Amino acid sequence: MKSYELIGSAGCGSAIVEMALVLANVPHTLTDVPYLKPGPERDRLLHLNPLGQVPTLITPDGEVMTESAAMILHLNDVAPQAGLAPAADKPERARFLNLLLRLVAAIYPTFTYGDDPPQWTGEGPAAEVLRERVHMRRADLWQELERQAGAPHMLGRRFSALDLYVTVMIHWRPGPSWFDAVCPALTAVAREAALEPNVARVLARNFPPPTE
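Just so it is clear, the model here is predicted, and its values are computed rather than measured.

Draft legend 1. Just unusual backbone geometry, in detail. The peptide bond linking A151 to P152 adopts the cis configuration, its omega dihedral lying at 5 degrees. As for its placement among the helices and strands, P152 is situated in the loop between helix 6 (125-148) and helix 7 (161-169). Of the consecutive residues R173 and P174, the connecting peptide bond is found in the cis state with omega at 10 degrees. With respect to the helices, strands and loops of the structure, P174 is situated in the loop between helix 7 and helix 8 (176-182). Of note, N25 is a non-glycine position whose phi angle comes to about 55 degrees, a positive value. Here N25 lies in the loop between helix 1 (14-23) and strand 2 (28-32). A relative accessible area of 66% means that N25 is categorised as exposed.

Draft legend 2. Representation of the layout of surface pockets in the model. When its volume is computed, the largest pocket comes out at roughly 940 Å³. Looking at the lining of the largest pocket, the elements that each hand over two or more residues are helix 3 (68-78), helix 4 (92-114) and helix 5 (118-121). At five residues, the largest contribution of residues to the lining of the largest pocket is made by helix 4. Each residue belonging to the lining of the largest pocket can be placed in one class, and the counts come to 14 nonpolar, eight polar and five charged.

Draft legend 3. Up close: the packing of aromatic side chains. Taken as a whole and assessed by the stated rule, the structure comprises five aromatic pairs. Seen from their ring centres, Y108 and W172 are 5.7 Å apart, and the 75 degrees between their planes marks the pair as edge-to-face. Taken together, the residues Y108 in helix 4 and W172 in the loop between helix 7 and helix 8 connect sequence positions 64 residues apart. Three or more aromatic residues link up through ring pairs in this structure, and these residues are Y108, F111 and W172. The aromatic ring of F111 is capped on one face by R138, whose charged end is 4.0 Å from the ring centroid.

Draft legend 4. Structural context of empty space enclosed by the protein. All told, the structure shown has one cavity of 30 Å³ or more when counted by the stated rule. The computed volume of the largest cavity comes to approximately 30 Å³. Lining the largest cavity, in full, are L6, G8, S14, E18, L30, T31, D32 and R205. Contributions of two or more residues to the lining of the largest cavity are made by strand 1 (4-8), helix 1 and strand 2.

Draft legend 5. Expanded view of the nonpolar core. Judged by nonpolar contacts, the single largest core of 50 residues is most densely connected at W142, M154, Y165 and M169. Of all the elements in the fold, those that place two or more residues in this core are strand 1, helix 1, helix 3, helix 4, helix 6, helix 7, helix 9 (184-193) and helix 10 (197-206). Each residue touching M169, except ones within four places of it in the same chain, is listed here: I16, L103, I107, Y108, F111, W142 and F179. In terms of nonpolar packing, the next biggest core, distinct from the first, is built from six residues, I7, C12, L45 and I58 among them.

Draft legend 6. The arrangement of the sheet that holds strand 3 (residues 56-58) in detail. Strand order in the open sheet made by the four strands is 2-1-3-4, with mixed pairing throughout. The open sheet has two edge strands with one neighbour each: strand 2 and strand 4 (64-65). In terms of strand pairing, strand 1 meets strand 2 through five bridges, oriented parallel. Paired with I7 across the two strands is T31, which belongs to strand 2. Here helix 1 sits on the sheet and contacts strand 1, strand 2 and strand 3; the angle it forms with strand 1, its principal contact strand, is near 155 degrees.

Rules behind the numbers
- Residues numbered from 1 in each chain as written.
- Predicted model: local features only at pLDDT ≥ 70, side-chain atom pairs only at ≥ 80, totals over all residues.
- Heavy atoms only, no water.
- Helix = DSSP H or I, 4+ residues; strand = E, 2+ residues; numbered from the N terminus.
- Buried < 20%, exposed > 50% of the residue type's maximum accessible area, 1.4 Å probe, protein only.
- 1 Å grid on protein atoms, 1.4 Å probe; cavity = no way out; pocket = protein on both sides within 12 Å on 5 of 7 lines; lining within 4 Å.
- Points joined across faces, edges and corners; volume = space filled by probe spheres on them.
- Nonpolar A, V, L, I, M, F, W, Y, C, P; charged D, E, K, R; others polar.
- Phe/Tyr/Trp six-rings, centres within 6.5 Å; stacked < 30°, edge-to-face > 60°.
- Lys NZ or Arg CZ within 6 Å of the ring centre and 35° of its normal.
- Core = buried A, V, L, I, M, F, W, Y, C linked by side-chain atoms within 4.5 Å.
- Contact = heavy atoms within 4.5 Å.
- Pairing = 2+ DSSP bridges.
- Axes fitted to C-alpha atoms, helices over the stretch in contact; angles between N-to-C directions.

As C-alpha cells, this is what we get:
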C-alpha cells in the first residue's frame with residue numbers, strides 16, 4: 001500500500017487522525033508544521049488547504065482531505081478491520097454518525113470562535129462577551145455528550161474513533177481537571193482508550209508531560 005501524508009501540529013486535532021492511521025496500520029508519514037507561523041511550511045499548507053487548518057491528509061492518489069471526520073470514515077473504508085466505525089448494517093452506526101458530527105460540527109467550532117474572539121469582533125467588550133458565551137456553550141455541549149457516553153467506550157462495549165476524539169479533546173479547554181470533575185464518564189472513556197499502546201504513544205507525543 002502506498003503511503004499517506006498527514007500534515008499536523010502537536011496537540012491539535014491531527015492527533016486524532018494520527019491515532020487512526022496507526023490503529024489502521026496504514027503506511028503514512030507525519031509532517032509537523034507550526035501552522036500559524038508564517039514561512040514555507042505554512043505556505044505549503046495554505047496551498048493544499050486554503051483554510052490553513054490541520055489536520056490535512058494527502059492520500060496515496062494525491063487527493064487532499066481537510067476534514068477529520070471525512071478522514072476517519074475514509075480510513076475505515078480502507079482498513080475496516082481497525083474498527084474505527086461500525087459497519088453500515090450495525091445498529092450502532094446511526095449513533096456513531098450522530099456523535100461524530102456532534103463533535104466536529106458543534107464542539108470543534110467553539111475553538112474557532114472562542115480561542116481568539118477579537119478576530120471576529122474586534123478588540124473590546126464584545127470580544128469578552130463572545131469568549132464567555134462560547135465557553136459556556138462548549139461546557140453545555142460536553143455535558144450533553146457526557147449523558148450519552150457509554151462504558152468502557154462511547155458506544156458501550158464497542159471501540160470506535162469516537163474514543164479517539166474524546167481522548168484528544170479532553171486535553172483542550174476547559175482541560176482535564178474540568179472533565180474529571182464535570183464529565184467523569186468522558187474521562188473514563190479517554191483513560192480506557194489510552195490503555196492501547198499505540199494510542200498512548202501518540203498521546204504522549206502530542207501532549208508530553210510538563211517538565212520540572
